[in-house]
Amino acid sequence: MNRSIRNAIVAGGLGIALAAGTSAAAFADTPTPTPAPSATAKAPRTLVDLQKAGAAATSKRIASLDQATDAVKKDTTLSDDHRSTILGTFSKDRDAMTKLASTIAADTDAAAAEKDVRSIYSDYRVYTVALRQARDAAAADRITSKTVPALDTAHDRLSKLANSKKAGSDVTDKLAEMAELADSAKSAVSHVASDALAVTPASYDGDHTALDASQKSIESARDDIKKAAADGKDAAKALHTSSKGSSTKKSSSTPTPAAS
């Protein structure tokens, strides 16, 4: 591929944009949300069993929150406001899990222990709210601050090349669509972080689909990003083909020097 075209792709960050836009947040590999024990489930009934269950559940959540906290602190694409909000929630939930672990361990009857164990699931929603909303906010911020700018840079570099080479509609149409898709991706996640971080355990209890819209918006943005990156690569390929054809034509039209 022509060096200037290859440089436009590399420096413009099409590969980076695609990877950043489609990758999950660094702390998204936390355990699958554990549902609260249902009334029909064979939940532990003895005090000892309930205390063991409470210790395991709180310990698991504390470990997940610690892992997520470390990832959030290292995530350079999160806005300062969103990072502060997420870390505040993590800290509050971690303190609550630590307190609940002590409370359950000190319970003296099964009824009190069962109530406290259920509180782990219903009052704090570490997996279904705290970690999930943080993941969505981080994904949205990454798309806004890293992925879309990388696509814009690649688009601008390819557009300059297209103009200098007087490219045809096969290139310009792809680049126009690339720009539209990048804008669409940015628009899709514009309110995701603020909306996701506004969800609380109480509001989630009233509507278990409270975070679904955020996830759908992220998925929509990621689809746009994939298509935009593909358009950029197609445009680059067309520019390369055009450049190669021009070079061949120029070479064939060069007069052969007369023999001396």
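Structure's up top.
In short, a report on the structure.

Calculation notes
Residues numbered from 1 in each chain as written. Predicted model: local features only at pLDDT ≥ 70, side-chain atom pairs only at ≥ 80, totals over all residues. Heavy atoms only, no water. Salt bridge = Lys/Arg side-chain N within 4 Å of Asp/Glu carboxyl O. Helix = DSSP H or I, 4+ residues; strand = E, 2+ residues; numbered from the N terminus. Contact = heavy atoms within 4.5 Å. Polar contact = N/O pair within 3.5 Å; in protein donor to acceptor, adjacent residues only side chain to side chain. Patch = residues over 30% accessible without salt bridge, like charges linked within 9 Å, V, L, I, M, F, W, Y side chains within 5 Å. Areas by Shrake-Rupley, 256 points an atom, 1.4 Å probe, with all protein chains shown as cover. Lys, Arg positive; Asp, Glu negative; His and termini not counted. Charge placed at Lys NZ, Arg CZ, Asp CG, Glu CD. Expected span 1.5 Å × (residues − 1). Buried < 20%, exposed > 50% of the residue type's maximum accessible area, 1.4 Å probe, protein only. Arc of directions from axis to C-beta.

## Here we look at the pattern of salt bridges
Stage number 1. The tally for this structure, following the rule as stated, stands at 11 salt bridges.
Stage number 2. The structure contains a network of salt bridges with shared partners spanning Arg45, Glu114 and Arg118.

## Some words on the environment of arginine 83
Stage number 1. For arginine 83, the position within the fold is in helix H4 (residues 80-106).
Stage number 2. For the pair arginine 83 and alanine 134, spaced 51 residues apart in sequence, the C-alpha separation works out to 8.6 Å.
Stage number 3. Once residues within four sequence positions are removed from consideration, arginine 83 is found in contact with Val72, Lys73, Asp75, Thr76 and Leu78.
Stage number 4. Within the structure, arginine 83 has its side chain in polar contact with the side chain of aspartate 80 (distance 3.4 Å).

## Quick word on a negative patch on the surface
Stage number 1. Together, Asp152, Asp156, Asp170, Asp173, Glu177, Glu180 and Asp183 make up a negatively charged patch on the protein surface.
Stage number 2. Mapped by element, the contributors of at least two residues to the negative patch are helix H6 (126-164) and helix H7 (169-188).
Stage number 3. Ranked by the residues each element gives to the negative patch, the list is headed by H7, at five residues.
Stage number 4. If you trace the backbone, aspartate 183 turns up in helix H7.

## Here we look at H7
Given 3.6 residues to a turn, an α-helix orients residues that are three or four positions apart in the same direction.
Stage number 1. With 20 residues, H7 ought to run about 28 Å at 1.5 Å a step, and its terminal C-alpha atoms sit 28 Å apart, in line with that.
Stage number 2. Taken together, the buried positions of H7 are Val171, Leu175, Met178, Leu181, Ala182 and Ala185. Seen from one end, H7 has its buried residues packed into an arc of 125°, which puts them on one side. Projecting away from the buried face of H7 at angles above 90 degrees are the exposed residues Asp173, Glu180, Asp183 and Ser187.

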